Amino acid sequence: MNITRRASLAATMAVPLVTPALAQTAETFRIGAMNPITGAGSPYGSGMQRLIIAAAEMVNAAGGAHGRRLEIFAEDDQTSPQAGVLAARKLLDVNRVRAIIGSWASGVSLAVVPITNDANVLFMNTSGAPALSVPPANARGLSYRFQATNDRFGRGFAEIAVREGFRRPVTMAINNASGIGNTEGFRRAWAAKGNANGVHVVYEPSQPSYRSELQRALSSRPDVVVMGSFLPDTTIILREWVQMGVPVKFIVPGWAGNPQLVQALGPVVTEGIIAVESVSNEGTPGFTAFDEAHRRMMGGRSGLENVYAAMTWDMVVTIALAIEQSRSFETAALNAAIRQVANPEGDKISTFAEGKAAIAAGRKINYEGASSVLDFDEFGDVTPDFGAFFISRGEITRRYIVKI
Amino acid sequence: MLYLQLAANGVVYGLVIGLAALAITLVFGIARFPNAAAGDTMTLGAYVALGTQQGSGSLLLGGLAAVAAAAGVSLLAWALVFRRLAKRSVVALLVASIGAAFVLRAVMGVAWGHQQQVFQVPLAFPILLGELRINPMDLWLGGVALAALAVTFGVLHLTPIGRAMRAVADDPDLARISGIRPDRVMAAMWLLAGGLSAVAGIMLAIKTVVSPELGWEMLLPAFTAAILGGIGSPIGAVVAGLVLGVAQEVSTPFVGFTYKIALSFVVMLGVLLLRPRGLFGRLEAVR
């Protein structure tokens, strides 16, 4: 017998064709979990990734999404656009994922979204940059943001600044989409309230000293510094500030004014700092389901500690519900179904199993998530509420909630 | 007055760049390749100092342990990697050093985690010299840097092994036929470069936060200083580091805070175009 290379190749290729039933049962819906395990997002990244895995397990335990199991491929984007692009390429080219979810930093999301657009897959992030709402980043409407935009954060900052009675704010922003988005959002909202804006200082990350930047910001004797910053630069700036001996208050984003900041600087330096963070959809059944999973996956720690993990949990549930709704695994059909399952009108449901049953019964559903009520506007953005957290004696306490 | 204050703000950073550049230029002068692992040796120094300080409560002890550990790892990297590749091209050695850097960083990430950590140092109000505000910690760090420089230049110029190092840097073949044992010179140089990196790493870490990327991010300014100073020139590296650190801060009223980093690259371009041998470098002799 003469077996040619071509014949043997053809025989190999034919195997999947003659066993379609077997291939069908093994088929999964592949999702890429791309999270900041290292870098500035590392306080949140591990929790985000573990809750993606937990949510997928929950969906699979409920019989999967339209008969398919969800399969998660995990990557670390290192909170760095370069590493994020490499991770996304690997997820798309090697793992053939149909969605990339859980990108945290704006810089990473802005770098990765053109790639997911080209690959025609869903992209879900927790980043703040306003540019992610509109073309070119969201030209195809495949990108969803489970976090408030930095612009909305800025509006939240302005509400809190008014409520706290500040009159002469200055702004300091790290030179990236997130930092500048936050401070510009604040300046716009502050001006819209008929107030005058102070100095605006934009600084570079990873500098050994920010004293010159601080001197410039504090030169106009402000009563509050509104920051668009990350944890490492905030740590360095506050330490430098306290040694300058100039009294002033700070309003910082929650991802900078977190327990790690208090641990690094101690209660004296951090006294009186106001941290603003979007708050989870607390007290709802959706949040309770997430909280249980968070405690199980994260060594008993409360789900309140990581609002981003609630967002990634919701991402998995949203995709699974969209699959159920559309009875399809194709991007276009899923994309069309996302607002159908997440937005009003419809029966309010808070878990995947509940939603699956309702869809099977032919009802229209409205998923109320763990992170927010999760209603996407025309840009794929949601509007969570903001908590004003005050750091006092080393404790971070939420005093009130601001709605914008 | 503003400019004087800005210049003062840049001095400690300049010294950090200078020390790192000195470590790079020593390797370049003697082993003849750009060592990309210098940054991660800095990080190692920072972590060892931090761990020792947390364990013993003494920053001095931490510093000494860090210098010893970084010098040891530097020597180990030479013995295991660079020594075996000594006859290969510069590119092979450069790529090997990038690999060594990756390994070091990954090990540190596993050992100490990726969360930022900080040195608990006492916070103090600035000392006023006229209108000039100087942070007391900066004075300490400046003193430490000067001590490290004094030791380094003492070794280079006052000891037999230093003389041998300079001889190898001048002409390795001539040094060998004069009876200088290259292995001893190499070992001493790698120990010295590792120790210097550790000091630079600790200084930077005290000013900022410790994370596995600490030193890697310092490589560009450090290489710029090494080139500006004239590759292989120890005194040039230190002077160039100071020039860069101070110039960055003093430039901010003109170029703003976001472009001060670009200044390093403008300087490097200028040097490469106008004076390729750097401030203190000598022209390569034509053989």
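Structure: above.
Residues numbered from 1 in each chain as written. Chains lettered and ligands numbered in written order. Predicted model: local features only at pLDDT ≥ 70, side-chain atom pairs only at ≥ 80, totals over all residues.

Undergrad: Where do I start with the overall build of chain B in this structure?
TA: Along the backbone of chain B there are 12 helices and 2 strands. Starting at the N terminus and walking to the C terminus, you meet the elements of chain B as α-α-α-α-β-β-α-α-α-α-α-α-α-α. Its C-alpha radius of gyration of 19 Å places chain B within 12% of the 19 Å reference for a compact globule of 287 residues. The principal-axis extent of the C-alpha atoms belonging to chain B is close to 60 × 45 × 35 Å. A burial count over chain B gives 51% of its 287 residues as buried. (Helix = DSSP H or I, 4+ residues; strand = E, 2+ residues; numbered from the N terminus. Rg over C-alpha atoms; globule rule 2.2 N^0.38 Å. Buried ≥ 20, exposed ≤ 12 C-beta atoms within 10 Å, placed from the backbone.)

Undergrad: What am I meant to see in the nonpolar core here?
TA: One broad trend across soluble globular proteins is that nonpolar side chains are buried collectively. Of all hydrophobic cores here, the largest spans 213 residues; its most connected members are I251(A), V316(A), L19(B), A20(B), M203(B) and A222(B). Both domains that furnish three or more residues to this core are identified here as domain 1 (11–148 + 282–367) and domain 2 (151–279 + 385–402) of chain A. Each residue touching A20(B), except ones within four places of it in the same chain, is listed here: A38(B), M42(B), S197(B), A200(B), M218(B) and A222(B). (Core = buried A, V, L, I, M, F, W, Y, C linked by C-beta atoms within 7 Å. Domains from an automatic or database assignment. Contact = placed C-beta atoms within 7 Å.)

Undergrad: Explanation requested: helix α12 (residues 260–274) of chain B in the structure shown.
TA: Given 3.6 residues per turn, any residue in an α-helix points the same way as the ones three and four places further on. All names here are of chain B. Taking 1.5 Å as the rise per residue, α12 with 15 residues should run 21 Å; its terminal C-alpha atoms sit 21 Å apart, in good agreement. K260, L263, S264, M268 and V271 are the residues of α12 that are buried. An end-on view of α12 places all buried positions within 135 degrees of arc, on one side of the element. Across α12 from its buried face, at more than 90 degrees, point the exposed residues F265, L269, G270, L272 and L273. Residues of α12 that are buried sit in contact with α9 (219–229), α10 (234–250) and α11 (252–255). (Expected span 1.5 Å × (residues − 1). Arc of directions from axis to C-beta.)

Undergrad: Even after reading the chapter, I still don't get the sheet that holds strand β4 (residues 122–125) of chain A, so can you show me in this structure?
TA: Backbone hydrogen bonds hold the strands of a sheet together, and the pairing may be parallel or antiparallel. Residues and elements named next belong to chain A. Taken in spatial order, the 5 strands make up an open sheet running β2-β1-β3-β4-β5, and their pairing is parallel. On the outer flanks of this sheet lie β2 (69–76) and β5 (143–145), each paired with one strand and no other. Direction aside, the axes of adjacent strands within the sheet are offset by 20 degrees on average. When strand β1 (residues 28–35) meets β2, the two strands line up parallel, connected through 8 bridges. (Pairing = 2+ DSSP bridges. Axes fitted to C-alpha atoms, helices over the stretch in contact; angles between N-to-C directions.)

Undergrad: I would appreciate a short explanation of the pairing of strand β14 (residues 395–402) of chain A in the present structure.
TA: Both faces of the sheet carry side chains from a regular strand, because those side chains alternate between them. For β14(A), a buried count of 0 out of 8 residues is recorded, marking the element as mostly open to its surroundings. Following strand β13 (residues 386–392) of chain A, the chain reverses through 2 residues before pairing antiparallel with β14(A); R393(A) in that reversal takes a positive phi of roughly 50 degrees.

Undergrad: Is there a simple way to think about the pairing of strand β10 (residues 274–278) of chain A in this case?
TA: Residue and element names in this part refer to chain A. Within β10, 5 of the 5 residues are buried, leaving the element largely enclosed by the surrounding structure. On β10, burial covers both faces: I274, V276 and S278 on one face and A275 and E277 on the other are all buried. Bridging between strand β9 (residues 249–253) and β10 involves 3 bridges; their strand directions are parallel. Counterpart to I251 in the pairing with β10 is I274. For the handedness criterion, the β-α-β arrangement of β9, helix α10 (residues 259–270) and β10 is classed as right-handed. With 5 bridges connecting them, β10 and β13 associate as antiparallel partners. Counted as the bridge partner of S278 is F386 from β13. (Right-handed = clockwise from strand over helix to strand, strands pointing away.)

Undergrad: When you look at the interface of chain B and chain A in this model, what are you seeing that I'm missing?
TA: Where interface size is quoted, it is often the accessible area lost as the parts come together. Opposite the 25 residues of chain B that make contact, chain A presents 25 residues. Looking at the side of chain B that touches chain A, the elements that each hand over two or more residues are α1 (2–30) and α8 (182–207) of chain B. For the side of chain B that touches chain A, the element with the most residues is α1(B), which contributes 4 residues.

Undergrad: Honestly, unusual backbone geometry in this entry has me stumped. Any pointers?
TA: Most peptide bonds are trans, and most residues other than glycine sit at a negative phi. Looking along the chain, the bond that leaves P135(A) and enters P136(A) is cis, with omega of 5 degrees. Tracing the sequence through the fold places P136(A) in the loop between β4 and β5. Residue P344(A) is joined to E345(A) through a cis peptide bond whose omega torsion reads -5 degrees. As for its placement among the helices and strands, E345(A) is situated in the loop between α13 (331–342) and β11 (347–349). Residue Q78(A) is not a glycine yet carries a positive backbone phi of 55 degrees. By secondary structure assignment, the location of Q78(A) is in the loop between β2 and α4 (81–93). Unusually for a residue other than glycine, R32(B) sits at a positive phi of about 65 degrees.

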